[in-house]
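What follows is each chain in one-letter form.
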2 protein chains.
Amino acid sequence: MKQGNKYGTHRVIEPKGILPQPAKKIDNTMEIYDNEILVDVQTLNIDSASFTQIYNQAEKDLKKTEEIILGIVEERGKHQNPVTGSGGMLIGTVKEIGPALEGKTDLKVGDKIATLVSLSLTPLRIDKIKEIRPEIDQVDIEGQAILFESGIYSIIPEDLPGNLVLSVLDVCGAPAQTAKICKLGDTVLVIGGPGKAGMLCLYEAKRRVGPTGKVICADYMDNRFDQIMKMGIADECIALDATDAVGTLEKIEELTNGELCDVVINVVNVENTEMASILATKDDGLVYFFSMATNFTKAALGAEGVGKDVNMVIGNGYTKGHAELTLQIMRDSDDLRALYTELFA
Amino acid sequence: MKQGNKYGTHRVIEPKGILPQPAKKIDNTMEIYDNEILVDVQTLNIDSASFTQIYNQAEKDLKKTEEIILGIVEERGKHQNPVTGSGGMLIGTVKEIGPALEGKTDLKVGDKIATLVSLSLTPLRIDKIKEIRPEIDQVDIEGQAILFESGIYSIIPEDLPGNLVLSVLDVCGAPAQTAKICKLGDTVLVIGGPGKAGMLCLYEAKRRVGPTGKVICADYMDNRFDQIMKMGIADECIALDATDAVGTLEKIEELTNGELCDVVINVVNVENTEMASILATKDDGLVYFFSMATNFTKAALGAEGVGKDVNMVIGNGYTKGHAELTLQIMRDSDDLRALYTELFA
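Residues numbered from 1 in each chain as written. Chains lettered and ligands numbered in written order. Predicted model: local features only at pLDDT ≥ 70, side-chain atom pairs only at ≥ 80, totals over all residues. Heavy atoms only, no water.

1. Topic: the pairing of strand β4 (residues 88-97) of chain A
Residues and elements named next belong to chain A.
- In this structure, strand β3 (residues 37-46) lies alongside β4, joined through nine bridges in antiparallel fashion. Across the sheet, residue Asp40 finds its bridge partner in β4, namely Thr93.
- In the sheet, β4 pairs with strand β5 (residues 112-115) via three bridges, with the strands oriented antiparallel. Paired with Gly92 across the bridge in β5 is Ile113. (Pairing = 2+ DSSP bridges. Helix = DSSP H or I, 4+ residues; strand = E, 2+ residues; numbered from the N terminus.)

2. Notes on a negative patch on the surface
- On the surface, a cluster of negative charge is made up of Asp241, Asp244, Glu250 and Glu253 of chain B.
- Of note, Glu250 of chain B is situated in helix α7 (residues 245-255). (Patch = residues over 30% accessible without salt bridge, like charges linked within 9 Å, V, L, I, M, F, W, Y side chains within 5 Å. Areas by Shrake-Rupley, 256 points an atom, 1.4 Å probe, with all protein chains shown as cover. Salt bridge = Lys/Arg side-chain N within 4 Å of Asp/Glu carboxyl O. Lys, Arg positive; Asp, Glu negative; His and termini not counted. Charge placed at Lys NZ, Arg CZ, Asp CG, Glu CD.)

3. So, the environment of Gln53 of chain B
Residue and element names in this part refer to chain B.
- Mapping Gln53 onto the fold places it in helix α1 (residues 48-57).
- Considered as a pair, Gln53 and Val83 are 30 residues apart in the sequence and their alpha carbons are 7.8 Å apart.
- Setting aside its immediate chain neighbours within four residues, Gln53 contacts Asn81, Val83 and Thr84. (Contact = heavy atoms within 4.5 Å.)

4. Brief notes about the interface of chain A and chain B
- Listed per partner, the contact involves 48 residues of chain A and 47 residues of chain B.
- Between chain A and chain B, the buried area comes to about 3900 Å², and carbon and sulfur atoms account for 60% of it.
- Viewed at the interface, chain B and chain A are joined by eight salt bridges.
- Here chain A and chain B share 14 residue pairs in polar contact (both at pLDDT 80 or more) between them. (Buried area = accessible area lost by both parts, 1.4 Å probe. Polar contact = N/O pair within 3.5 Å; in protein donor to acceptor, adjacent residues only side chain to side chain.)

5. Thoughts on the relation of the copies chain A and chain B
- The transformation that overlays chain A on chain B combines an axial shift of 0.0 Å with a rotation of 180°, and the residual RMSD is 0.1 Å. Within this description, the copies of the chain are treated as partners about a two-fold rotation axis. Proximity to the rotation axis, assessed at the C-alpha, singles out Val313 of chain A in chain A; its C-alpha lies 2.3 Å from the axis.
- Comparing contact sets, 98% of the residues at the interface of chain A also lie at the interface in chain B, consistent with an isologous, same-surface contact. (Least-squares fit on C-alpha atoms with pLDDT ≥ 70 in both.)

6. Some details on the packing of helix α4 (residues 173-181) of chain A against helix α10 (residues 322-332) of chain A
Residue and element names in this part refer to chain A.
- At a closest axis distance of 8 Å, the pairing of α4 and α10 adopts a crossing angle of 95°. Taken together, the axes of α4 and α10 are roughly perpendicular relative to one another. Packed against α4, whose contacting residues are Gly173, Pro175, Ala176 and Ala179, the element α10 presents His322, Leu325, Thr326 and Ile329 at the interface. (Axes fitted to C-alpha atoms, helices over the stretch in contact; angles between N-to-C directions. Parallel < 35°, antiparallel > 145°, perpendicular 65-115°, else oblique.)

7. Considering the side chain of Ser150 of chain A
- Looking at the secondary structure, you find Ser150 of chain A in the loop between β7 (138-147) and β8 (153-155).
- Exposure remark for Ser150 of chain A: the relative accessible area of 10% places this residue in the buried category.
- Residue contacts for Ser150 of chain A: discarding those within four places in its chain leaves Lys6 and Tyr7 of chain A together with Val306 and Gly307 of chain B. (Buried < 20%, exposed > 50% of the residue type's maximum accessible area, 1.4 Å probe, protein only.)

8. A closer look at the side chain of Ser167 of chain A
All names here are of chain A.
- As for its placement among the helices and strands, Ser167 is situated in helix α3 (residues 162-169).
- For Ser167, a relative accessible area of 7% corresponds to the buried category.
- Only 3.0 Å separates the side chain of Ser167 from the backbone oxygen of Phe344, close enough to count as a polar contact.
- Filtering out sequence-adjacent residues up to four positions away, Ser167 remains in contact with Lys196 and Phe344.

9. Examining the packing of aromatic side chains
Residue and element names in this part refer to chain A.
- Scanning all chains against the criterion turns up six aromatic pairs over all chains.
- Ring geometry for Tyr288 versus Phe290: centroids 5.7 Å apart, planes at 20°, classification stacked.
- Given a relative accessible area of 3%, Tyr288 falls into the buried group.
- The class of Phe290 is buried, set by a relative accessible area of 18%. (Phe/Tyr/Trp six-rings, centres within 6.5 Å; stacked < 30°, edge-to-face > 60°.)

10. Topic: the confidence of the model for chain A
- Mean pLDDT for chain A: 94, with 100% of residues reaching 70 or above.
- Scoring of the predicted complex yields 0.90 for pTM and 0.88 for ipTM. (pLDDT = per-residue confidence, 0-100.)

11. Here we look at the sheet that holds β4 of chain A
Residues and elements named next belong to chain A.
- Taken in spatial order, the six strands line up as β6-β7-β3-β4-β5-β8 in an open sheet, and their pairing is antiparallel. Of all the strands in the sheet, the pair left with one neighbour each is β6 (124-133) and β8. Across the sheet, the mean angle separating the axes of adjacent strands is 30° when strand polarity is ignored.

Right, here's the structure in full:
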């Protein structure tokens, strides 16, 4: 059996020597290297931007959608949308584990897992497309995939519905990072609080800051504010336009007696919300940008321009224990589980 | 005297209600509000990208360059290049201090200062352009400028040459942030170490990590490696291509016995160096992106794609004490002062 690289560079066909994600084509032969895991795939959960692009290109015809999906995997050895560059995740069952991983993984053959690394770097072979569910971007297939040694995954628990698990795992980095950065007594603002990532952040923030802290949920409209207050995952809800930095500052000053926030978590996928996030933060406070609409230069130059000594962090979708923490929230909170099942699963 | 807003929103003419930096036009009347500082301007140090654009547009004709500069300030009330969006900084003498700032500022009338906020948000009036020095992007003028309450500045010390001060203040955020994040015993990699910001970071990192730590200077070519080793501001210098993530990882693994770095500071203005920075960092380590070529999405998705639990920070050009710390380095190190005088002043 051949020895593989931790990051899967041994599978890269073109261009040689780079990582699987930026590669044009990777080797999807389903014979594993010594540090790989072979997975029998059940469902592809295609990234929403990617699925929308493919489905529109196919003029919402399922047969054409199927052809495009098969064509991508045929050409690239992975499901990476050539237009959006994005992938998605998959669910499947562990079929074989490379011997070099012995003692390094808690997986065993037969475990049902969701991969938490992107399909855009995962070797994939599709033998047959069984069903496409456009309303939730899912595709059931017969086929196989390879998980690299650096590949992260979550064992799907038996006590939670599969669709709910998939749905929350998609954003599990955000509440886990929230858990790492919020402390007892902190004032925390979550911009985009009523969203899928947002409510998990609110829940986790409230748990960390305790009764002496304050969690503020902000959104453009008073979307789900009643439910959020009733669940007790925020102390205040406020409607504001986060693209209006000055207006946001004024509202947050009012809510915090001019003290501003120790932590601002931005999970709203809207451009030009960097400055509102920065201005709402105390000196020496922390701004956590989880939104993919964040512009690096706007944040860096914006903070300097207003002379704000704040720490600005780029949201990392991975942190140790992120899947476990998020699934546990679904067990701990009956309210959130019911709401997420209704809205997102 | 009228009351002003801390961030200068009272000066914004168009569009109303936003911050001065994104505004199209601001009020450059030189009658101060109660919390403003009036400065007699001596020199504009125009942002390098901006000056190059203007100078090229003027076909390297000084008269045309002058007309473009005057035109920008006439139209916008500030020197913000409409193509690059960037500004620069200025040197001048404090002429008047608003009464509301009493006890809030250490400045007094007659102090010679450099503003550390961008010209792109600073109300400016130019009465006359006296000299343009294209080789160092500087323009001597007769004119005045306004510093807002949130505006940061540094008093120019008398014991250091003005040009050297200006040159190092331009990058003073980087060594100050380095001082905040490096600890005794850390292994620190500075990508772009031989540059203007880079060598200040190396110096400060070496001072923090001490004899039990290790500072590695990396650059594309072995530019100034001899000088850097001789000055003792790095323990190792290595030539590598930071756009090659896998190659960089291999070299850093070799240099660190596979342990990788506690801190990676990226100050190289080259695109696609995010992954090399991330892979060279230990789990739970910190990547500090100071380069304006950093792409937020590439960093965020890249770390998740390879399952690296690293903290990624957006470089803030401002932190308390940044100017003082950087000027002190110029006093503490005869070697660096001589080299910076030769290269950058």
